[in-house]
Amino acid sequence: MDRVANIKLAVFPLSLFPLADLIIKALENNLGPDPASALTHGLGEWALIFLLLSLAISPARRLTGIGKLIRFRRMLGLFALFYAVLHLLAYLAFMLSWEWLTLLEDLYKRSYIIVGAFSLSILVALGVTSTKKMMKRLGKQWLQLHRLVYVAAVLAVIHFLWLVKSDYTEPVIYGALLAILLLLRARVFSFGRKR
Amino acid sequence: MLLKIKKHSDIGSSEITPEHIYHDRRRFMQQSGRFALAGLGLMLAGCSQEGEAKAISKQPQDGVIPSQPGPEWLKKQVLAFNPDVYTTTEALTPHQVVTSYNNFYEFGTGKGDPLRNAHSLKTDPWSVVVEGEVAKPGRYHLEDILKPHGMEERIYRLRCVEAWSMVIPWIGIPLANILKQFEPTSKARFVEFTTLHDPEQMPGQKASFGSLDWPYVEGLRIDEAMNPLTLMATGLYGDILPNQNGAPFRLVVPWKYGFKSIKSIVKIRLTEQQPKTTWETSAPQEYGFYANVNPAVDHPRWSQKHERRLPGTLLAPNRIETQPFNGYGEEVADLYKGMDLTRFY
């Protein structure tokens, strides 16, 4: 087993740590008086963090010259999907008590939910096509499809921004981080073309 | 004059969470311990019925409600309250939750921020400016405003616009009694309230990415202000108000969303014109002047049909249906006769 595989073995349980932390807090009744909301928001925030981490891999490779970093990208992206799915399930189970009709109502009435649903749909599509087999089968289209991750990230930040009542500090920070990650790419692309 | 208001929805005080547990601290301690154990049991059993978990929360296990620091005169007046003037059958939200889970953006937008930061608020001495359409305007010491009145205990539901709710035992004076003492003129059609504006005492007022303008302003129509349910609270759970709950002097309007119940008031102005309130100014399509609790009118970004009665657990989130006027329709629906509540939200 090579070193990257070893590190991946460590990163995997580390990525589950936020979930374990939330579950332990829930079991200890330690999520505050409104645990439904705390859990749903916590899972959503971790989905966004993993999405940003997966987007940081490519710029980090360019900046550090460590090409092997690419081998972490899929895992981090899949964890973003994992937390996003749990986020939706927590919303449905604990905020809506499995009232599917209310979810449907949300999906045509509430813009921040619509935007979040689009973002999650993209992540699902990318997750399903993340295997080596699918990569081969889709060929060139795979890259085009997976560029949608940028759309998913922008929508996720908008989703956060639109649900805030008054204090935009947190979504603005995530939005700024995303903007930096996207700008790094824009520069890389233009350099690439000149060369 | 003391009002003993009892409505069909109420059952005698004997059926409230056993005998005002908070009046008897020893009993409170036993109760909270028992509830905590029950909670643990429910969690371990992995199943529970809604309603059973009403009082489950992580209580401070010493069980004693810490005494609030504050001026002696106020303590004395608050502690002489007349209990049970208005009650409900629902279980009280535990003291620990009521005083640690707050929306008081002047101290930060996190629910725990007010408890952490509100110690910097200096509530004594406290004066209130009364101005506008009154015969006796002026700057008054809080003591002079409160002195002529008796304190009443009122247990009200509080429904936040964010779709959670609590049941809180307030102590205070009906706003009508207070306003009458300044003799509103015939031109007084609205009442405007203003919170203290002092970023040194209220660090949240320095926040950079917030959408609210300070100071916080709220308002009521004069008939809403004079309604017997409308309370100026100076106490909570048998003691004076903690800073994070709006000390020393706050409004409580139980049939409206919580943001109407403005805290730490320094100015009361009676006006002919409808006041421009803070949330309405910040997002007029989302927050109206009336802000009556109404399950039929959604917030543009979320449904108002249900609420989570706090504290909840994941297995028993206490999700209940929201009532029109927060269940106080019998007392206040008449105020809005003939009004289109979808338009005047």
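Residues numbered from 1 in each chain as written. Chains lettered and ligands numbered in written order. Predicted model: local features only at pLDDT ≥ 70, side-chain atom pairs only at ≥ 80, totals over all residues. Heavy atoms only, no water.

## Regarding unusual backbone geometry
What counts, and what does not: Helix and strand labels come from DSSP, where a helix needs a run of H or I of at least four residues and a strand needs a run of E of at least two; each type is numbered from the N terminus. Summary of the burial criterion: residues with accessible area below 20% of their type's maximum are buried, those above 50% are exposed, and those between are partly exposed, where the area comes from a 1.4 Å probe applied to protein chains only.
Between Trp 214 of chain B and Pro 215 of chain B the backbone carries a cis peptide bond, its omega angle lying at 0 degrees. For Pro 215 of chain B, the location among the structural elements is in the loop between β6 (190-195) and β7 (217-221). The linkage connecting Leu 310 of chain B with the following residue, Pro 311 of chain B, adopts the cis geometry, with an omega of 0 degrees. Its location among the elements puts Pro 311 of chain B in the loop between β12 (306-309) and β13 (319-321). A positive phi angle, close to 50 degrees, is found at Ser 97 of chain A, a residue other than glycine. As for its placement among the helices and strands, Ser 97 of chain A is situated in the loop between α3 (73-95) and α4 (100-109). Residue classification places Ser 97 of chain A among the partly exposed residues on the basis of a relative accessible area of 34%. Here the phi dihedral of Asp 84 of chain B falls at roughly 65 degrees; this positive angle occurs in a residue that is not glycine.

## Remarks on the confidence of the model for chain B
Residues and elements named next belong to chain B. So the rule is basically this: As a per-residue measure, pLDDT tells how confident the predictor is, with possible values from 0 to 100. Between two residues, a contact is recorded if the distance between any of their heavy atoms is within 4.5 Å.
Of the residues in chain B, 81% reach a pLDDT of 70 or more, and the chain-wide mean stands at 85. Segment residues 8-21 is flagged for pLDDT under 50; beyond a separation of four residues in sequence, or across chains, it makes 27 contacts in the model. Confidence drops under a pLDDT of 50 for residues 23-62, and excluding neighbours within four residues, the segment shows 61 contacts in the predicted structure.

## Points about the interface of chain B and chain A
Keep this limit in mind: Using a 1.4 Å probe, buried area is obtained as the accessible area two parts lose upon being combined, added over both of them. The term salt bridge refers to a side-chain nitrogen of Lys or Arg lying within 4 Å of a carboxyl oxygen of Asp or Glu.
On the side of chain A, 30 residues touch chain B, which itself brings 33 residues to the contact. Carbon and sulfur atoms supply 52% of the area that chain B and chain A bury against each other, a total of about 2,700 Å² over both sides. Considering only the surface of chain B that becomes buried against chain A, Phe 209, Arg 301 and Leu 314 of chain B emerge as the three largest contributors, covering 28% of it. The tally of links between chain B and chain A comes to 6 salt bridges.

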